[in-house]
Amino acid sequence: MNSLHIFLGVVGPWQIILIIAIVLLLFGGKKIPELMRGLGSGIKEFKDATRDENAQQTTKKENTQDNSKTE
């Protein structure tokens, strides 16, 4: 943990303000909401996909347990 702290350093409020200013200069004020909307929808799709995958795995486990009990 200490080596990670040394590598990354301490991010203070001035560094965050500088990063935000650079992002605003690169993308502009009108483009940022679109980027955030895209990021939010991407995260939502990822959560839905993982939730669906977990539901499918649970269903498969239940089916195999039911089949082994009936045999």
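All residue numbers refer to positions counted from 1 along the written sequence of the respective chain. Local features in this predicted model are restricted to residues of pLDDT 70 or higher, and side-chain atom pairs are both shown and tallied only at a pLDDT of 80 or more, whereas totals for entire chains, interfaces and linings draw on every residue. Only hydrogens and water are set aside; all other atoms, that is, all heavy atoms of the structure, feed into the side-chain values.

Participant: Before we go on, may I ask you to explain the overall build of the protein chain in this structure?
Facilitator: Counting its regular elements, the protein chain contains three helices and zero strands. Order of helices (α) and strands (β) in the protein chain, N terminus to C terminus: α-α-α. Within the span of the protein chain, comprising 71 residues, buried residues form 1% of the whole. Working note: accessible area of the protein chain is about 6800 Å², and carbon and sulfur atoms make up 64% of it. For helices the rule is a DSSP run of H or I covering at least 4 residues; for strands it is a run of E covering at least 2, with both sets numbered from the N terminus onward. Accessible area is worked out with a 1.4 Å probe on protein chains only. A residue is then buried under 20% of its type maximum, exposed over 50%, and partly exposed in between. Note on areas: these come from Shrake-Rupley sampling with a 1.4 Å probe, and a residue is covered only by the protein chains present in the view.

Participant: Just checking my understanding: could you explain the pattern of salt bridges for this structure?
Facilitator: A side chain of one charge can pair with a side chain of the opposite charge if their charged atoms are brought near each other. Every case where a carboxyl oxygen of Asp or Glu lies within 4 Å of a side-chain nitrogen of Lys or Arg is listed as a salt bridge. For the coordinates displayed, the defined rule picks out two salt bridges. When the shortest N-O distance is used, the salt bridge between lysine 31 and glutamate 34 registers 3.6 Å. You can see lysine 31 and its partner glutamate 34 sitting in helix α3 (residues 31-70), three residues apart, about one turn around the helix. Aspartate 48 is the salt-bridge partner of arginine 51, the closest N and O atoms lying 3.2 Å from each other. One end of the pair is arginine 51 and the other is aspartate 48, both in helix α3 and three residues apart, which spans about a single turn. For aspartate 48, a relative accessible area of 32% puts it in the partly exposed group.

Participant: It is not clear to me how the confidence of the model for the protein chain should be interpreted in this structure. Could you clarify?
Facilitator: Scored from 0 to 100, pLDDT reflects the predictor's confidence in each residue. For the protein chain, per-residue confidence averages 80 on the pLDDT scale, and residues scoring 70 or more make up 79% of the total. Summarising per-element confidence for the protein chain, the mean pLDDT is lowest in helix α1 (residues 2-8) (61) and highest in helix α2 (residues 13-27) (88).

Participant: Help me out: how do you make sense of a nonpolar patch on the surface in this one?
Facilitator: Patch rule: a residue counts if its relative accessible area is over 30% and it has no salt bridge; like charges are joined within 9 Å, and nonpolar side chains (Val, Leu, Ile, Met, Phe, Trp, Tyr) within 5 Å. Together, Leu18, Ile19, Ile22, Val23, Leu26, Phe27, Leu35, Met36, Leu39 and Ile43 make up an exposed nonpolar region whose accessible area comes to about 940 Å². For the nonpolar patch, the secondary structure elements donating two or more residues are α2 and α3. For the nonpolar patch, the leading source of residues is α2, giving six residues. Examined against the element boundaries, leucine 39 turns out to sit in helix α3.

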